[in-house]
Amino acid sequence: MNKWMTGLLLGWLVLPAWAQPGDPEKGKVIAGSICYACHGLDGVSPIPTQPHLAAQIPDYVVKQLNDMKSVNGAPPARDNPIMAGIVSMLSAEDMRNVAAWYAIQPPHLTRANDPKLVAIGQKIWRGGDADRDVPACSGCHGPAGAGIPAPYPRLSGQYQEYTELQLQHFRDGTRSNDPDAVMRSIAHRLTNEEIKALSDYAAGVY
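No experiment lies behind these values; they were computed from the predicted model shown.

I'm lost on the overall build of the protein chain in this one. Help?
Broken down by element type, the protein chain carries 10 helices and zero strands. Along its sequence from the N terminus, the protein chain presents helices and strands in the succession α-α-α-α-α-α-α-α-α-α. Dimensions of the protein chain along its principal axes, counting C-alpha atoms only, are 45 × 30 × 30 Å. Buried positions account for 44% of the 206 residues belonging to the protein chain. The contacts of the protein chain with a sequence gap of at least 6 include a subset with a gap of at least 24, amounting to 69%. Carbon and sulfur atoms provide 59% of the accessible area of the protein chain, an area that totals close to 10200 Å². Distance between charge centres in the protein chain, computed from 18 positive and 20 negative side chains, equals 2 Å.

Sorry if this is basic, but what is going on with the packing of helix 2 (residues 24–39) against helix 5 (residues 92–103) here?
When two helices pack together, their arrangement is given by the angle between their axes and by how far apart the axes lie. Orientation of helix 2 relative to helix 5, taken along the N-to-C sense of each, is 80°, at an axis distance of 7 Å. Compared by their axis directions, helix 2 and helix 5 come out roughly perpendicular. Of the residues in helix 5, those touching helix 2 at Pro24, Glu25, Lys26, Gly27, Lys28, Ile30, Ala31, Cys35, Tyr36 and His39 are Glu93, Asp94, Asn97, Val98, Ala100, Trp101 and Tyr102. Looking at the contact of helix 2 with helix 5, its residues break down into nine nonpolar, three polar and five charged.

Looking at this structure, I do not really get unusual backbone geometry. What am I missing?
Positive phi values are uncommon outside glycine, yet Ala55 reaches one of about 65°. Tracing the sequence through the fold places Ala55 in the loop between helix 2 and helix 3 (58–67). The backbone of Asp133 shows a phi angle near 60°, a positive value even though the residue is not glycine. Topologically, Asp133 is positioned in the loop between helix 6 (115–127) and helix 7 (138–141).

What is the right way to read the side chain of Asp200 from this model?
Inspection of the secondary structure assignment puts Asp200 in helix 10 (residues 192–204). At 8.2 Å, Lys196 is the nearest oppositely charged side chain to Asp200, a buried residue that forms no salt bridge. A distance of 2.7 Å separates the side chain of Asp200 from the backbone nitrogen of Asp114, its partner in a polar contact. For Asp200, the contacting residues outside a window of four places in its chain are Ala112, Asn113, Asp114 and Gln160.

How should helix 5 be read in this particular structure?
Between the first and last C-alpha of helix 5 there are 17 Å, a value that for 12 residues agrees with the 16 Å anticipated at 1.5 Å per step. If you follow the buried residues of helix 5, they end up packed against helix 2, helix 3 and helix 4 (81–87).

It is not clear to me how the pattern of salt bridges should be interpreted in this structure. Could you clarify?
Tallying each qualifying case throughout the model produces seven salt bridges. A salt bridge links Glu93 to Lys26; the nearest nitrogen and oxygen atoms lie 3.8 Å apart. Of this pair, Glu93 sits in helix 5 while Lys26 sits in helix 2; the two residues are 67 residues apart in sequence, bridging distant segments of the chain. Since its relative accessible area comes to 41%, Glu93 is described here as partly exposed. Close ionic contact of Arg184 with Asp178 constitutes a salt bridge, the shortest N to O distance being 2.7 Å. Residue class for Arg184 comes out partly exposed when judged on its relative accessible area of 27%. On the basis of relative accessibility, which here comes to 7%, the residue Asp178 falls in the buried class. One network of salt bridges, with partners in common, ties together Asp129, Arg132 and Glu194.

Help me out: how do you make sense of helix 6 in this one?
In an α-helix, one full turn covers 3.6 residues, which means residues spaced three or four apart are oriented alike. Helix length check: helix 6, at 13 residues, gives a terminal C-alpha distance of 19 Å against a target of 18 Å (1.5 Å per residue), a fit within 8%. For helix 6, every residue scored as buried is listed here: Leu117, Gly121, Ile124 and Trp125. At its buried positions, helix 6 is contacted by helix 7 and helix 10. Between the side-chain oxygen of the N-cap and the backbone nitrogen of Lys116 there are 3.0 Å, and the N-cap of helix 6 in question is Asp114. In the stretch just after helix 6, Gly128 is the one whose phi turns positive, near 70°.

Basis of the calculations
- For every chain, the first residue of the written sequence is number 1, and numbering continues from 1 along that sequence.
- Residues qualify for local features only when their pLDDT is at least 70, as the model is predicted, and side-chain atom pairs are given and counted only at 80 or more; totals for whole chains, interfaces and linings, by contrast, use all residues.
- Computation of side-chain values: all heavy atoms of the structure, hydrogens and water removed.
- In this text, helices come from DSSP runs of H or I with a minimum length of four residues, and strands from runs of E with a minimum of two, each type numbered from the N-terminal end.
- For each residue, the accessible area found with a 1.4 Å probe, counting protein chains only, is set against the maximum for its type, and the residue is called buried under 20%, exposed over 50%, and partly exposed in between.
- Any two residues whose heavy atoms approach within 4.5 Å at even a single point are treated as in contact.
- The protein chains shown are the only cover counted for residues, whose accessible areas, like all others here, come from Shrake-Rupley with a 1.4 Å probe.
- Counted as positive: Lys and Arg. Counted as negative: Asp and Glu, with His and the chain ends omitted from the count.
- We put the charge of a Lys on NZ, of an Arg on CZ, of an Asp on CG and of a Glu on CD.
- For helices, the axis comes from a line fit to the C-alpha atoms of the stretch in contact; other axes are also lines fit to C-alpha atoms, and the angle between any two N-to-C directions lies between 0 and 180 degrees.
- We call two directions roughly parallel when the angle between them is under 35 degrees, roughly antiparallel when it is over 145, roughly perpendicular when it lies between 65 and 115, and oblique otherwise.
- Gly is placed with the polar residues, together with every amino acid not listed as nonpolar (Ala, Val, Leu, Ile, Met, Phe, Trp, Tyr, Cys and Pro) or charged (Asp, Glu, Lys and Arg).
- Any Lys or Arg side-chain nitrogen located within 4 Å of an Asp or Glu carboxyl oxygen qualifies as a salt bridge.
- In protein, a polar contact requires one atom able to donate a hydrogen and another able to accept it; more generally it is a pair of N or O atoms within 3.5 Å, and residues adjacent in sequence count only if both atoms are side-chain atoms.
- Here the expected span of a helix is defined as 1.5 Å times the quantity of residues minus one.

The structure is reproduced here in structure tokens:
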């Protein structure tokens, strides 16, 4: 187990109150009335800049929703103006329920888009780059990209465009809700080509 994974898992041995199981049937109602336009009722987004949520780790989804919510007027941990307005309408129970609904949906499967980048992405995904202290992505997101509960999301089947954008945001600091700045530290060491290659490879790995 690498040092990144060890440090984060220790902090998740006891799940916080908001990371308790939800009711997927109640979550379906929320997904069908609020979330479907961007994420689809079945968790398959019709928009490349919005994430697929099908089969996503429920605790991860709940954490992201909480991070996008302002508390007592304070800036949210994850800045997303569109989602901020939506999560303001959701209770903690709503968040758990909709996350539970999306978690039981069949995962979205796709393929890498650029064969020329597959070798670059595959190398970092499987083995990282020890010389630059870049850990293998598979250590936290799993060999097949399914994620490891609770803090590591599923990346398999995700839009390449969305994953690339998030890595760029971690690198430039516009997204900073990663525990212990793990993703910011890693993304800062990656080139634009590597970010694109990893995002493309992750989309097709399963």
